[in-house]
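The residues making up each chain are set out below.
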Amino acid sequence: KTCGADWTASTGVGLDQYLIQTFDRTSGKVATLVAGFNVDDTTNAAKFLTTQSVDTSAGKKYIGTTAISATMQTA
C-alpha cells in the first residue's frame, strides 16, 4: 500500500487527482488500476471510468481531476 508522497512519487498523481491505468497480465488478460489520492478522488475515477469513453487497452493511462475530466498520458 502506497500513500501520500510515496503514492505521488510512484504514480505522478497528487492531491485532487486520480489514475486509471491498464497493465498486461498473463494469458492475454489485463488489469486496470482505478485509484485516487484520497477517497473523493477515487470516487471521481470510478465515475469517470463508468460514464466516459475510456480506452482500457493494456498500456493506457489517464490522470484526471473530476468525474468528467481526465487526460490520456503518453509514454
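Small disclaimer: the values here were computed from a predicted structure and weren't measured.

Novice: How should I be thinking about the nonpolar core in this particular structure?
Specialist: One recurring pattern in soluble globular proteins is that nonpolar side chains are buried together. Of all hydrophobic cores here, the largest spans six residues; its members are Tyr-18, Ile-20, Ala-45, Phe-48, Val-54 and Tyr-62. Of all the secondary structure elements, the ones that give two or more residues to this core are strand S1 (18-24) and helix H2 (39-51). In contact with Ala-45, not counting residues within four places along its chain, are Tyr-18, Ile-20, Val-34 and Ala-35.

Novice: Is there a simple way to think about H2 in this case?
Specialist: Three- or four-residue spacings in an α-helix give side chains the same orientation, since the helix completes a turn every 3.6 residues. Over its 13 residues, H2 extends 18 Å from the first C-alpha to the last, a length consistent with the 18 Å expected when each residue adds 1.5 Å. Those residues of H2 lying buried are Asp-41, Asn-44, Ala-45 and Phe-48. All buried residues of H2 fall inside an arc of 105 degrees around its axis, so they share one side. Along H2, the residues that are exposed and aim more than 90 degrees away from the buried face are Val-39, Asp-40, Thr-50 and Thr-51. Residues of H2 that are buried sit in contact with S1, strand S2 (30-36), strand S3 (61-66) and strand S4 (69-73). N-capping of H2 is provided by Asn-38, with a side-chain oxygen placed 3.1 Å from the backbone N of Asp-40.

The rules we used
Residue positions are given per chain, counted from 1 along the sequence in the order it is written. Residue-level local features of this predicted model are given only where pLDDT is at least 70; pairs of side-chain atoms are given and counted only at 80 or more, and the full residue set underlies all totals for whole chains, interfaces and linings. Hydrogens and water molecules were not included; the side-chain quantities draw on all heavy atoms of the structure. We define a nonpolar core as any set of buried Ala, Val, Leu, Ile, Met, Phe, Trp, Tyr and Cys residues linked to one another through side-chain atoms lying within 4.5 Å. For every residue, the accessible area (1.4 Å probe, protein chains only) is compared with the maximum for its type, and the residue is labelled buried under 20%, exposed over 50%, or partly exposed between those bounds. Here a helix means four or more residues in a row that DSSP labels H or I, a strand means two or more in a row labelled E, and each is numbered from the N terminus. Note on contacts: a residue pair is in contact if any heavy atoms of the two residues lie within 4.5 Å. To estimate how far a helix should extend, the number of its residues minus one is multiplied by 1.5 Å. Think of it as the arc spanned by the lines of direction from the helix axis to the C-beta atoms. Counting of polar contacts relies on pairs of N or O atoms within 3.5 Å, with two restrictions inside protein: one atom must be capable of donating a hydrogen and the other of accepting it, and residues adjacent in sequence are counted only when both atoms are side-chain atoms.

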